[in-house]
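# Structural features, examined
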Amino acid sequence: EIIRAMLAAGGNPNVPPGRPLSLALFRSPRFAVLLLDAGAEVNSLEGQRPIWWTVLSAAGDSDLTTLRLLLDRGADIKQRDREGGPVAWAAYNKAWRAMWLLIERGAEWKDEQMFGQSVHQMILTALEYDRNNVPEELRLALAKYEAAATEQSSERTP
């Protein structure tokens, strides 16, 4: 109610730049909707990274709901930081469901890496660490990477 009242009184959802939305993303999709409806800029940067990447560092159901909301509201899946794109950031944070959602929505994935490690390698490492608790999205992503590697290998072979 406080946020709603501040926005109704003319509060700017982008001052300081990106900060209100960043805080809302940690709370719940409901707060993000309030700010987005008031004109918060989904693609603003916080430091080097797009503000919406905040939800790529967690894997809860509300984070996925928020990610879908942000993607539907224009989050730019082509935005990158100095290391890589959103698929790599999600993989680095082991947010496999978010990573798969981004891949499904058309985000770059083949050659993505974060801090010098490829997404494919991050997936393999996660599988080595815990083979008994593998989310379906992780298996789907691994299959996609391996299919791409097989396709690339067959293209090189005359």
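Structural notes, computed from the coordinates. (Residues numbered from 1 in each chain as written. Predicted model: local features only at pLDDT ≥ 70, side-chain atom pairs only at ≥ 80, totals over all residues. Heavy atoms only, no water.)

## Brief notes about the pattern of salt bridges
Applying the stated rule across the entire model yields 4 salt bridges. Across the pair Asp 37 and Arg 73 runs a salt bridge, and its minimum N-O distance is 2.8 Å. Taken together, the residues Asp 37 in helix H3 (residues 29-37) and Arg 73 in the loop between helix H4 (61-72) and helix H5 (86-92) connect sequence positions 36 residues apart. Classification of Asp 37 as exposed rests on a relative accessible area of 56%. Using a relative accessible area of 35% as the deciding quantity, one classes Arg 73 as partly exposed. In this structure, the salt-bridge partner of Asp 72 is Arg 105, at a minimum N-O distance of 3.1 Å. Of the two residues, Asp 72 sits in helix H4 while Arg 105 sits in the loop between helix H6 (96-104) and strand E3 (113-114), which places them 33 residues apart along the sequence. A residue is classified by how much of its surface remains accessible, and Asp 72, at 58% relative accessible area, is exposed. (Salt bridge = Lys/Arg side-chain N within 4 Å of Asp/Glu carboxyl O. Helix = DSSP H or I, 4+ residues; strand = E, 2+ residues; numbered from the N terminus. Buried < 20%, exposed > 50% of the residue type's maximum accessible area, 1.4 Å probe, protein only.)

## A few points about the side chain of Thr 66
Along the chain, Thr 66 falls in helix H4. Judged by its relative accessible area of 1%, Thr 66 falls in the buried class. Aside from chain neighbours lying at most four places away, what touches Thr 66 is Leu 25, Ser 28, Pro 29, Ala 32 and Val 55. (Contact = heavy atoms within 4.5 Å.)

That is the geometry; function is a separate question.
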